[in-house]
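What the coordinates show
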Amino acid sequence: MIDFKGAQFPKPVILYVVFFYLRYAVSYRDLEEIMAERGVRVDHATLNRWVVKYAPLIGAEAQARKRPTASSWRMDETYIKVKGRWTYLYRAVDRHGKTLDFTLSVRRDLAAARRFFKRVISTNGVPDRVVIDKSGANLAGLQAVNVSLKCTAKCKTVEILQVKYLNNILEQDHRFIKRITAPMMGFKSVHSAAATLAGIEAAHMIRKGQFDDPGMTVFQQFAALAA
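These notes cover the structure that comes with them. Just so you know, these numbers come straight off a predicted model, no measurement behind them. (Residues numbered from 1 in each chain as written. Predicted model: local features only at pLDDT ≥ 70, side-chain atom pairs only at ≥ 80, totals over all residues. Heavy atoms only, no water.)

1. Considering the pairing of strand 3 (residues 99-105)
Burial of strand 3 is extensive: six of the seven residues sit out of reach of the surface. Pairing of strand 2 (residues 85-94) with strand 3, which is carried by six bridges, proceeds in the antiparallel orientation. Counterpart to Leu89 in the pairing with strand 3 is Leu104. Taking the residues between adjacent antiparallel strands as the criterion, strand 2 and strand 3 are bridged by four residues, where Gly97 takes a positive phi near 90°. (Buried < 20%, exposed > 50% of the residue type's maximum accessible area, 1.4 Å probe, protein only. Helix = DSSP H or I, 4+ residues; strand = E, 2+ residues; numbered from the N terminus. Pairing = 2+ DSSP bridges.)

So this is what it looks like as structure tokens:
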């Protein structure tokens, strides 16, 4: 359960604000105005603090509670602006488009790719195959992970496919993330960017139906992750 003790506003209000920001393309000032229209006066800076504090916690719960995914993966990265500079959002989905995991990196190199692959495998298990683009860094990172896997007891390695058109499903998936982040006009720090993106990804996972919550609305599923 996520702790809301000490908050000056009721938990449902905070969750509604955080969900609305993560799910729809609005700025903090837009959301401040929307809440004022509903009789809740809260400063946009407070809204930012709520998102940065609670979004990564909800994102972690989403990762822990999501349904099992397929063993054929698609991996690629997209660009997110932080402090006026482009950073790299590494993302992976399975062959059905279900979210596996994601991480933000200031670099796009072998070390970043290897760290990401290790992270995805730690949360989802070893896949049968991974489809990547023609990036040499991603190929080298996955090959390095295969070397490590050979040393484990199961000795299972991952088949690597570099077929661009097979990654179209992931390219389409990137568009949702970019649409939500566009009104944010760049993040002020890597920490706030990573926190916000974790929540956006969680809201996107709900939209994809990755949780066993039949009959619940999208917001109810989001709130349930904080329960």
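2. A look at the layout of surface pockets
Here the largest pocket defines a volume of roughly 340 Å³. As for the largest pocket, its lining consists of 16 residues, of which Tyr21, Tyr28, Asn48, Met184 and Lys188 are closest to the centre. Contributions of two or more residues to the lining of the largest pocket are made by helix 2 (28-37), helix 3 (44-65) and helix 7 (190-207). Here the residues of the lining of the largest pocket sort into seven nonpolar, seven polar and two charged. The computed volume of the second largest pocket comes to approximately 190 Å³. As for the second largest pocket, its lining consists of 14 residues, of which Asp101, Phe102, Arg119, Ala194 and Ala198 are closest to the centre. Of all elements in the fold, only helix 3, strand 3 and helix 7 reach the threshold of two or more residues within the lining of the second largest pocket. (1 Å grid on protein atoms, 1.4 Å probe; cavity = no way out; pocket = protein on both sides within 12 Å on 5 of 7 lines; lining within 4 Å. Points joined across faces, edges and corners; volume = space filled by probe spheres on them. Nonpolar A, V, L, I, M, F, W, Y, C, P; charged D, E, K, R; others polar.)

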